[in-house]
Amino acid sequence: MATQYRVAPENPDPLDVSRAELWSEDRWQEPMARLRAESPIHYCEDSKFGPYWSVTTYKPIQHVEALPKLFSSSWEYGGITVAGDGVEHLQEGEIPMPMFIAMDPPQHTAQRRTVAPAFGPSETERMRTDTLKRTSDVLDSLPVGEPFDWVEKLSIELTTQMLAILFDFPWEERHKLTAWSDALGDIESFNTLEERQARLAIAYEMGAAFKELWDRKAQSPGEHDLISIMLQSDAMSHMSHEEFMGNLILLIVGGNDTTRNSMSAYAYGLHQFPEERAKLEANHDPDLAVNAMHEILRWQTPLAHMRRTAMEDTELFGHQIRKRDKLALWYASANRDESVFPDGDRIIVDRENARRHLAFGYGIHRCVGARVAELQLTALISEMQRRRLRVNVLAEPERVHASFVHGYRRMQVELERY
Ligand code: HEM
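- Under an unreviewed UniProt entry, the name given to the protein chain is Cytochrome P450, and the source organism is Sphingopyxis panaciterrulae.

See below:
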């Protein structure tokens, strides 16, 4: 008999937006709009993940993220998702795998500083030609006028290639990266001890493969991939095995679902707003492609929320928050905050302030891989334009059943030339 940890309440709060079905059925917009209008900082007394606060408007999210001492990301208190449990809930046989997204300063500062150069402006620029070429090759491999799954053939393929290059992972085995990442990132599926232990086994399999890569890299100093950079740094070369695995999971999972789902959102989002797609088809100005990239990220928001834990009793815009309360920062909602993004449910490719979106977060944890993700998504938009290709979505996509990763599992499409 499986040991069940998480049980959903029988009569859920209608404003409990952590319910996965709201996201897999694409019904989150209405309760979020209500929260923004009626209760932008809302206490949900009971949910599958226990009580938590929902923060749903732009300013308070920035406010919370600007105070990392008061609002912690630490894995010890449950980390960065509303689903996370603190160390006191660890079950026998479970081992925490700390990663720097779920650390506070000073550990966070040192580890982030180590990997950040791999995603800096000059490294990203170095990747540009290759990214355009890979995007081009994948697009050329797709059929025109025949149905296929965009998620599998385009979004997953391009994202997996990007990860393999960042890690200098053996090219022929790159699909393992996706399989590991999918299994480890699917936080909704760890409801029983058995499921949690299966996750640990996958993490160890991945850890063993990367240990081999790590040993090989140790023999060839001076390379620029992520493993070499970690290996050559003071902050990361002395990590425990668990911390090493935790950070690998972070870098692989962090870049995987997110980038993949932004590329799927390009197809789905523009299909919903053909007049906006027409603007991109008529105008190949690179600045418009970049603006459209930001707008698609805003509209999709591939990570719907991040979570923080209050370290002290405190007041937040008139609400009394107690020490150890959980706060879910709903980027998906802030990115549709009417006071910042009028008509936010619509994609407007030339929206003036699209780049103000919070899809990459805000403050000291703001996405370290943002430039690489932006490059990948802009390359897709411009290479589609260059080929005069349009993607038509043939049926409603199958969506991810989770309130953290916000994306698509399958999407039948057909390419057409215009
Ligand atoms: C952090 C979103 C792509 C690696 C974050 C955070 C968000 C985010 C919201 C903030 C976490 C927080 O405040 O707690 C996204 C989106 C992406 C994307 C929407 C694509 C469209 C990538 C890529 C990588 C990556 C390509 C690397 C391969 C990371 C890492 C962090 C992070 C390591 C932790 C940063 C820190 O704690 O200082 N990402 N991400 N992300 N992301 Fe991304």
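1. A look at the overall build of the protein chain
Okay, step 1: Across its full length, the protein chain holds 15 helices and 12 strands.
Okay, step 2: A compact globule built from 418 residues would reach a C-alpha radius of gyration of about 22 Å, and the protein chain, at 21 Å, matches this within 12%.
Okay, step 3: Its C-alpha atoms give the protein chain principal-axis dimensions of about 60 × 55 × 45 Å.
Okay, step 4: A burial count over the protein chain gives 58% of its 418 residues as buried.
Okay, step 5: Within the protein chain, counting contacts between residues at least 6 apart in sequence, those at least 24 apart form 73% of the total.
Okay, step 6: Split by element, the accessible area of the protein chain, about 17700 Å² in all, is 51% carbon and sulfur.

2. A word on the environment of Val400
Okay, step 1: Structurally, the position occupied by Val400 is in the loop between strand E10 (398-399) and strand E11 (408-410).
Okay, step 2: Overall, the relative accessible area of 12% leaves Val400 in the buried class.
Okay, step 3: Taking C-alpha positions, Val400 is 15 Å from Met263, a pair spaced 137 residues apart along the chain.
Okay, step 4: Those residues in contact with Val400 that lie beyond four places of it in its chain are Trp23, Ser24, Val405, Gly407, Tyr408 and Arg409.

3. Quick word on the site of the ligand
Okay, step 1: The immediate surroundings of the ligand are formed by 30 residues, with His108, Arg112, Arg308, His365 and Cys367 found nearest.
Okay, step 2: At a separation of 2.9 Å, an oxygen atom of the ligand approaches a polar side-chain atom of Arg308.
Okay, step 3: Within the side chain of Tyr331, an N or O atom sits 3.5 Å from an oxygen atom of the ligand.
Okay, step 4: Secondary-structure elements contributing two or more residues to the shell around the ligand are helix H4 (107-115), helix H6 (150-167), helix H11 (241-272) and strand E5 (305-310).
Okay, step 5: At seven residues, H11 tops the list of elements feeding residues into the shell around the ligand.
Okay, step 6: Among the residues making up the shell around the ligand, the classes are represented as 18 nonpolar, nine polar and three charged.

4. Looking at the nonpolar core
Among soluble globular proteins, nonpolar side chains are generally buried collectively.
Okay, step 1: Phe119, Phe167, Phe210 and Leu327 are the most contacted members of the largest nonpolar core, which has 64 residues in total.
Okay, step 2: Residue contacts for Phe167: discarding those within four places in its chain leaves Phe210, Leu213, Asp225, Leu226, Ile227, Leu248, Leu251 and Ile252.
Okay, step 3: Counting residues in hydrophobic clusters, the runner-up holds 41 residues, among them Leu142, Leu280, Met293 and Leu297.

5. Focus: the pairing of strand E12 (residues 412-417)
Okay, step 1: In terms of strand pairing, strand E4 (residues 148-149) meets E12 through two bridges, oriented antiparallel. If you follow Asp149 over to E12, its bridge partner there is Gln412.
Okay, step 2: Sheet topology note: the strand E9 (residues 389-393)/E12 ladder contains five bridges and is antiparallel. Bridge assignment links Asn392 to a residue of E12, and that residue is Glu414.

6. Points about the coordination of the iron atom of the ligand
Okay, step 1: In this structure, the iron atom of the ligand receives exactly one donor atom from the protein: Cys367 (SG), at 2.3 Å.
Okay, step 2: Considering the arrangement of structural elements, one finds Cys367 in the loop between helix H14 (331-334) and helix H15 (370-386).

7. Looking at the sheet that holds E9
Okay, step 1: Pairing is antiparallel in the open sheet, where three strands are placed in the order E4-E12-E9. Whereas interior strands pair on both sides, the edge strands pair on one side only; in this sheet they are E4 and E9.

8. Some remarks on the sheet that holds strand E3 (residues 71-72)
Okay, step 1: The strand order E1-E2-E8-E5-E3 describes an open sheet built from five strands, whose pairing is mixed. At either margin of the open sheet sits one strand with a lone partner, and together these are strand E1 (41-44) and E3.
Okay, step 2: The sheet contact formed by E3 and E5 spans two bridges and is antiparallel. For Phe71, the partnering residue across the bridge sits in E5 and is Ala310.
Okay, step 3: Seen against the sheet, helix H3 (residues 58-65) touches E1, strand E2 (52-55), E3, E5 and strand E8 (326-330) and runs at an angle of roughly 130° to E8.

9. Digging into the environment of Cys44
Okay, step 1: Position of Cys44 relative to the elements: it lies in strand E1.
Okay, step 2: Its relative accessible area of 0% is what places Cys44 among the buried residues.
Okay, step 3: Residues in contact with Cys44, not counting those within four places in the same chain, are Asp13, Asp16, Pro51 and Tyr52.

Cut-offs and rules
Residues numbered from 1 in each chain as written. Predicted model: local features only at pLDDT ≥ 70, side-chain atom pairs only at ≥ 80, totals over all residues. Heavy atoms only, no water. Helix = DSSP H or I, 4+ residues; strand = E, 2+ residues; numbered from the N terminus. Rg over C-alpha atoms; globule rule 2.2 N^0.38 Å. Buried < 20%, exposed > 50% of the residue type's maximum accessible area, 1.4 Å probe, protein only. Contact = heavy atoms within 4.5 Å. Areas by Shrake-Rupley, 256 points an atom, 1.4 Å probe, with all protein chains shown as cover. Near = heavy atom within 4 Å. Polar contact = N/O pair within 3.5 Å; in protein donor to acceptor, adjacent residues only side chain to side chain. Nonpolar A, V, L, I, M, F, W, Y, C, P; charged D, E, K, R; others polar. Core = buried A, V, L, I, M, F, W, Y, C linked by side-chain atoms within 4.5 Å. Pairing = 2+ DSSP bridges. Donors = N, O, S within 2.8 Å, 3.2 Å for Na, K, Ca; no water. Axes fitted to C-alpha atoms, helices over the stretch in contact; angles between N-to-C directions.

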